[in-house]
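A structural walkthrough
Residue-level listing of the chains:
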Amino acid sequence: MKITNLKVTTKLFALIVFMMMSYSSVAADLTLDELGSLGQEPVNQSMSCSGQAVSFVRGRDLKPRFTIAGINIPLQNSCYSSMDCVTYRDKPAVLVVDTPACGGNAVPETYLVFDLQTKKQTQLTYQAAKRAKIIK
């Protein structure tokens, strides 16, 4: 009887680990490379937000672009540090953090919020993003 329980426990443990790994592959927070979009290294990060495919792509000689459900949204040549699924004004959205100083402290970060339905972009300052409760 204990051997059967051990087999069930092992299967249950394997199922829990698999579920955790599956969940992390569609996590609601992706870190982009520190130099974001200056072209040093290609970046291609994807995730799912509210059932829609979202990705950030930058090639060595290409301007960065953000894609929501197959619709390309060009971005400025800058550094981008992260991409998160958020709720903004009670609607599902994606937050992309623009770090123009590329990790330095000379220029403040800008918070780009993309509405998943309309694909409309809203640019927020740190204080506005805090008030909107999309950053901690």
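Residues numbered from 1 in each chain as written. Predicted model: local features only at pLDDT ≥ 70, side-chain atom pairs only at ≥ 80, totals over all residues. Heavy atoms only, no water.

Here the focus is the side chain of Ser55. With respect to the helices and strands, Ser55 occurs in strand S3 (residues 52-58). Ser55 sits in the buried class, given a relative accessible area of 12%. Once residues lying within four places of it in the same chain are set aside, the contact partners of Ser55 are Gln45, Ser46, Arg65, Phe66, Thr67 and Met83. (Helix = DSSP H or I, 4+ residues; strand = E, 2+ residues; numbered from the N terminus. Buried < 20%, exposed > 50% of the residue type's maximum accessible area, 1.4 Å probe, protein only. Contact = heavy atoms within 4.5 Å.)

Another aspect to go through is the packing of aromatic side chains. Overall, the coordinates contain three aromatic pairs when judged by the stated rule. Look at Phe66 and Phe114: their rings are 4.5 Å apart centre to centre, the planes differ by 35 degrees, and that puts the pair in the tilted class. Here the residue Phe66 occupies a position in strand S4 (residues 65-68), and Phe114 occupies one in strand S8 (residues 110-115), the gap between them amounting to 48 residues. Accessibility expressed as a relative area gives 0% for Phe114, which makes it buried. Seen in terms of ring centroids, Tyr111 and Tyr126 are 6.4 Å apart; in terms of plane orientation they differ by 50 degrees. Their pairing is tilted. Taken as a pair, Tyr111 in strand S8 and Tyr126 in helix H2 (residues 126-131) lie far apart in primary sequence, 15 residues in all. Owing to a relative accessible area of 39%, Tyr126 belongs among the partly exposed residues under this scheme. (Phe/Tyr/Trp six-rings, centres within 6.5 Å; stacked < 30°, edge-to-face > 60°.)

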